[in-house]
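Read off the chains here:
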Amino acid sequence: MPNAIPEDSVGIVEPQSARFDSPLELACGRTLDSYELIYETYGTLNAQRSNAVLICHALSGTHHAAGYHSVDDRKPGWWDAYIGPGKPIDTSRFYVVCLNNLGGCNGSTGPTSIDPKTGKIFGPDFPVMTVPDWVNSQARLADYLGIDVWAAVVGGSLGGMQALQWSISFPERMLHTVVIAAAPKLTAQNIAFNEVARQAIMSDPCFHNGRYADHNTLPRQGLALARMVGHITYLSEDSMGDKFGRDLRSDKINFGFDVEFQVESYLRYQGEMFSEAFDANTYLLMTKALDYFDPAAACNGNLAEVLKQAKSDYLLVSFSTDWRFAPARSEEIVNALTQAGRNVSYACIESPHGHDAFLIPNPRYQAVFSAYMNRIANGIEAGAL
Amino acid sequence: MSLNRPDLAIIQQWVKPNSRVLDLGCGEGELLNYLKTHKQTHGYGLEIDADKITACIAKGVNVIEQNLDDGLSNFQDQSYDLVVMTQALQALRRPDLMLEEMLRVGKECIVTFPNFAYWRCRLYLSLKGEMPVSKSLPHTWYNTPNIHLSTFRDFEQLCRSRNFHILDRAVGNSEHETHWATQIWPNLFGEVAIYRVSR
C-alpha cells in the first residue's frame, strides 16, 4: 500500500455502474437486450459539459485507470502515471471517464455474467465483440452521463484502436483523438500470436469448451500460458535482457526442466497471477476483437478514404522498441490521416520498454502528451470549444 | 505575430492563401503557425528534434516525426501546393534527391540555405585558411550538420542540370542588410540563399 496517497493521484475512487435496457445490435448479428457497464470518473464535469475525456482500455485493462480503491491497495489504476492532477490527462482540468468494456470480466456484462434468458452464466455463449460494438456501447454511456461531445477520446494499444474507431463512428461527438502504440489492423504475425494464446486456453483440459464454471474449475494452465506468450510480445528484447539477462535462480544449471532462468520464473509468475484474476472466455473474446479490427475494410482497404469522414484532430504516439505494434504501424495511420487532410501530430518516443512503454513514465512521452492535452484544456477554458 | 527570421519573412510573401503546405524541418513551427493564421494554409511540418516537436504540438502546429534522409515516400505525388525547406538542405545526405522528391510531392518548392560564397566566408577561408565559423554557420568542420554546403551559383547549376525552373530568388541576410549590392551580386553579398522552384 502507499504510505500516503500521493499528491498527484486522483485519490480514492469508487466504481459506478450504469444499466442499459435498450437492445444493442452487434456486428456478429446478435443483440444484447440489456447490459451493465462499470466505470470510474475522475475530475469534475464543467457547466458546459465540454471537458470530458474518455479513456479506452487495452486487452486486459479495466475501468480502474487511476487512483486507489482503498488505502490498502498495493498499486494504483493501470494508467495512474498519466491520469491525475498535473499529469498529462490533468484531472484538475478534465473530467475523465474510463469503463470496463462489454465482454470484460471486471464488472461490465460479459462471459461471467448471468444470461437473463437462461438464468445461467453466459460463458462461451457471450457474443464475440468488435471494436465498433464497444464504441457503440461507449456512446450509450456518454448519453447516460450527459456528454454530447468528448473533448478527447484516448487509448493505448487496443484502446487506441477504439479511439480511432470513435473518430470514424461518431465524428460529431468528439474533438480530439489520441492513439498510442496502436495499429490500423493486425498483421498475420499479430493474429498468429493471438491464435497461439487461444489454443493454449482451449487445449487446457479444464476449459470444457468454455463451460469451466459448470465444472467448478478454471483453465488456469491455458490462461497462464496465453498470458506468457502475450507478455513476451509486450516487452522488448533489450528490456528483457536488462531485467533478467541469463541470470539463474540458483548459482548453477541443473540439466532439468524446472525453472532455472530468472526470466522463466518471471513469466510463470505473471501467467499464474493473471490466470487467477482474468476470465478465459473474456481473453478469447478480446483477442478476437483485436483480430477483427480493420476500419479500412469499409473502403476496400483505403484507410484515408475512411478517415475523410472523421472530423477530429489527432495525436499519434509510438515507441521505438515496440514490436507488437511497431512505429511503422502508427505511421500507416498518420499517412492515412495526412492523405485525408486531417490535423495530426505524431511522435515516436525512444523507449527500451517495448509495447508496455505506453504505460510507463517517460519524460518525452509525458511532455508530448501534456503539450497536446494542455492545448485542448486551454481551448476549453478560453471558451473556444 | 511576426516572423523573426529574415528568410521566413521573405518566404511568407510567396505563399498563396489556402495553400496545402509541407514544411520539411519545420523547427518549432514558426512558419506554419504564421501561414495558418495569415494565409489560411493547411499543412504539416516534418521534424526530428524531440523538443521542437513538443513545441509544435504545444502551439497546435501539425508536426510529424520523420527523418528527412529517409525521403518522402509516404507522401503522394503532387499532393501539396508548396513544399518548404528552410536551412536544412545542406544537412541532408543527398540534397539533389531531396529536391527531386520535393518537386514530386509539391507543385512548387521553396528552399533556403547558407551561401558559402558569402564574402565573409570567402574572407575567413582565404585569410585564416580554416573552414568558416560564423553566426549562420556556427559549427566547426568536424561536428557540423552542414555536410553539403553550396552557393547561389552551385544551386542554379543543379537546377539547370535537372531542368528545375527557378521562379524566384531572394537574399536573406541575418543583419537585415538590404544593401543594393546583395541584389546585384548575391553570390558575394548574400548570406542566405532563398529560391522558389518548380519543374
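Fair warning: this is a prediction, and the values are worked out from it, not measured in the lab.

Peer 1: Could you give an account of the nonpolar core, with specific residues and numbers?
Peer 2: Counting 105 residues, the largest nonpolar core has A:Trp150, A:Tyr283, B:Leu24, B:Met85 and B:Met102 as the members making the most contacts within it. Viewed by domain, this core spans two of them, domain 1 (16-185 + 294-382) and domain 2 (192-288) of chain A, each represented by three or more residues. When sequence neighbours within four positions are dropped, the list of residues in contact with B:Met85 reads B:Leu24, B:Leu68, B:Leu92, B:Met98, B:Met102, B:Ile110, B:Val111 and B:Thr112. Membership of the second largest hydrophobic core comes to 59 residues, among which are A:Trp79, A:Cys98, A:Val317 and A:Ile380.

Peer 1: Explain the interface of chain B and chain A to me, using residue names and the numbers behind them.
Peer 2: Opposite the 19 residues of chain B that make contact, chain A presents 20 residues. Counting the surface lost from both chain B and chain A, the interface buries some 1500 Å², and carbon and sulfur atoms represent 50% of this. Close ionic contact of B:Glu65 with A:Arg364 constitutes a salt bridge, the shortest N to O distance being 2.7 Å. Connecting chain B to chain A are 11 residue pairs in polar contact (both at pLDDT 80 or more). At the level of secondary structure, the elements contributing two or more residues to the side of chain B that touches chain A comprise strand S2 (42-47), helix H3 (50-59) and strand S3 (63-65) of chain B. For the side of chain B that touches chain A, the per-class residue count stands at 10 nonpolar, 6 polar and 3 charged.

Peer 1: Quick rundown of a nonpolar patch on the surface? Include the residues and the values.
Peer 2: Residues and elements named next belong to chain B. Judged by side-chain polarity, Leu125, Met131, Trp141 and Tyr142 come together as a nonpolar surface patch covering roughly 510 Å² of accessible area. When you line up the elements, leucine 125 lands in helix H5 (residues 119-128). Judged by its relative accessible area of 38%, leucine 125 falls in the partly exposed class.

Peer 1: Please set out the UniProt feature "domain: AB hydrolase-1" (unreviewed entry) in chain A residue by residue, giving values where relevant.
Peer 2: Those places that UniProt annotates as "domain: AB hydrolase-1" (unreviewed entry) correspond, in this numbering, to residues 51-358 of chain A. This span, residues 51-358 of chain A, is 36% helix and 12% strand, and a straight line between its end C-alpha atoms measures 23 Å.

Peer 1: So what's going on with the packing of helix H10 (residues 363-381) of chain A against H3(B)? Which residues, and what values?
Peer 2: The geometry of a pair of packed helices is captured by two quantities: the angle between their axes and the separation between those axes. At a minimum axis distance of 7 Å, the contact between H10(A) and H3(B) shows a crossing angle of 15 degrees. With respect to each other, H10(A) and H3(B) are oriented roughly parallel. As H10(A) runs across H3(B), the sense of the crossing is right-handed. Along the contact surface, H10(A) presents A:Arg364, A:Ala367, A:Val368, A:Ala371, A:Tyr372 and A:Arg375, while H3(B) presents B:Ala50, B:Ile53, B:Thr54, B:Ile57, B:Ala58 and B:Lys59. Residue classes in the contact of H10(A) with H3(B) are distributed as 8 nonpolar, 1 polar and 3 charged.

Peer 1: How would you explain the UniProt feature "binding site: substrate" (unreviewed entry) in chain A if you had to name every residue and give the values?
Peer 2: Residues and elements named next belong to chain A. In the numbering used here, UniProt assigns the "binding site: substrate" (unreviewed entry) feature to Arg227 and Asp356. The greatest C-alpha distance among the annotated residues, which extend across 130 residues, is 13.9 Å, indicating that they converge on a single site. Along the chain, the position of arginine 227 falls in helix H4 (residues 220-234). Those residues in contact with arginine 227 that lie beyond four places of it in its chain are Ser60, Tyr234, Gln270, Gly271, Phe274 and Tyr283.

Peer 1: So what's going on with the packing of aromatic side chains? Which residues, and what values?
Peer 2: The tally for this structure, following the rule as stated, stands at 29 aromatic pairs over all chains. Ring geometry for A:Phe274 against A:Tyr283: centres 5.6 Å apart, planes inclined by 80 degrees, an arrangement best described as edge-to-face. For A:Phe274, a relative accessible area of 9% translates into the label buried. Relative accessible area serves as the criterion here: at 2%, A:Tyr283 is assigned to the buried category. Ring geometry for B:Trp141 versus B:Tyr142: centroids 5.5 Å apart, planes at 85 degrees, classification edge-to-face. Judged by its relative accessible area of 65%, B:Trp141 falls in the exposed class. Judged by relative accessible area, which is 60%, B:Tyr142 ranks as exposed. Site record: aromatic cluster; members linked through ring pairs are A:Trp78, A:Trp79, A:Tyr82, A:Phe319, A:Phe358, A:Tyr365 and A:Phe369. Taking the ring centre of A:Phe325 as reference, the NZ or CZ of A:Arg324 above it sits at 5.7 Å.

Peer 1: Describe helix H9 (residues 327-339) of chain A, with residues and values.
Peer 2: Residues and elements named next belong to chain A. Look at H9: 18 Å from first C-alpha to last across 13 residues, which is about the 18 Å you get at 1.5 Å a residue. Residues of H9 that are buried: Pro327, Arg329, Ser330, Ile333, Val334, Asn335, Ala336, Leu337 and Thr338. Glycine 341 lies just past H9 and shows a positive phi near 75 degrees.

Peer 1: Account for the pattern of salt bridges, naming residues and giving values.
Peer 2: Overall, the coordinates contain 27 salt bridges over all chains when judged by the stated rule. Of the charged contacts, one joins A:Asp21 and A:Arg19 as a salt bridge, the two residues approaching to 3.3 Å between their closest N and O atoms. The class for A:Asp21 is exposed, based on a relative accessible area of 55%. Using a relative accessible area of 48% as the deciding quantity, one classes A:Arg19 as partly exposed. With a shortest N-O distance of 2.7 Å, B:Arg104 and B:Glu101 are connected by a salt bridge. In this pair, B:Arg104 and B:Glu101 are both assigned in helix H4 (residues 95-105), 3 residues apart and thus about one turn of the helix distant.

Reading the values: rules and limits
- Residue indices begin from 1 for each chain and proceed along its sequence in written order.
- Each chain gets a letter, beginning with A, and each ligand a number, beginning with 1, in the order they are written.
- A pLDDT threshold of at least 70 governs which residues receive local features in this predicted model, and a stricter bar of 80 or more applies before side-chain atom pairs are shown or counted, although totals over entire chains, interfaces and linings include all residues.
- The side-chain quantities take in all heavy atoms of the structure and omit both hydrogens and water.
- In these notes, a set of buried Ala, Val, Leu, Ile, Met, Phe, Trp, Tyr and Cys residues joined through side-chain atoms within 4.5 Å is what counts as a nonpolar core.
- Remark: exposure states derive from per-residue accessible area (1.4 Å probe, protein chains only) relative to the maximum for the residue type, with buried under 20%, exposed over 50%, and partly exposed in between.
- Boundary definitions for the domains trace back to an automatic or database domain assignment.
- We call two residues in contact when some of their heavy atoms are within 4.5 Å.
- Joining two parts hides part of their accessible area as seen by a 1.4 Å probe, and the buried area is that hidden amount summed over both.
- Take a side-chain nitrogen of Lys or Arg and a carboxyl oxygen of Asp or Glu: if they are within 4 Å of each other, that pair is a salt bridge.
- We define a polar contact as two N or O atoms separated by no more than 3.5 Å, with the added condition that, inside protein, one atom must be a possible hydrogen donor and the other a possible acceptor, whereas residues neighbouring each other in sequence contribute only through side-chain atom pairs.
- For the purposes of this entry, the term helix denotes a DSSP run of H or I that reaches at least four residues, the term strand denotes a run of E that reaches at least two, and both are numbered from the N terminus.
- Each residue receives one of three labels: charged for Asp, Glu, Lys and Arg, nonpolar for Ala, Val, Leu, Ile, Met, Phe, Trp, Tyr, Cys and Pro, and polar for the others, Gly being one of them.
- Surface patches are defined over residues having more than 30% relative accessible area and no salt bridge, joining like charges when they lie within 9 Å and nonpolar side chains (Val, Leu, Ile, Met, Phe, Trp, Tyr) when within 5 Å.
- Only the protein chains shown count as cover for residues, with accessible areas throughout obtained via the Shrake-Rupley method and a probe of 1.4 Å.
- UniProt positions are given in the numbering used here, feature names are shortened, and annotations may be inferred rather than shown by experiment.
- Structural elements are reduced to axes, namely lines fitted to C-alpha atoms, with helices fitted over the stretch in contact, and the angle between N-to-C directions of any two is expressed from 0 to 180 degrees.
- Put simply, angles under 35 degrees are roughly parallel, angles over 145 are roughly antiparallel, angles from 65 to 115 are roughly perpendicular, and the rest are oblique.
- Take the far helix as your reference; a near helix turned counterclockwise from it by less than a right angle gives a left-handed crossing, and one turned clockwise gives a right-handed crossing.
- Any pair of Phe, Tyr and Trp rings, taking the six-membered ring for Trp, is counted once the centres come within 6.5 Å. Such a pair is stacked with planes under 30 degrees apart, edge-to-face with planes over 60 apart, and tilted for the rest.
- When the NZ atom of lysine or the CZ atom of arginine is within 6 Å of a ring's centre and also within 35 degrees of its normal, the charge is said to sit over that ring.
- Each helix should span, by expectation, one fewer than its residue count multiplied by 1.5 Å.

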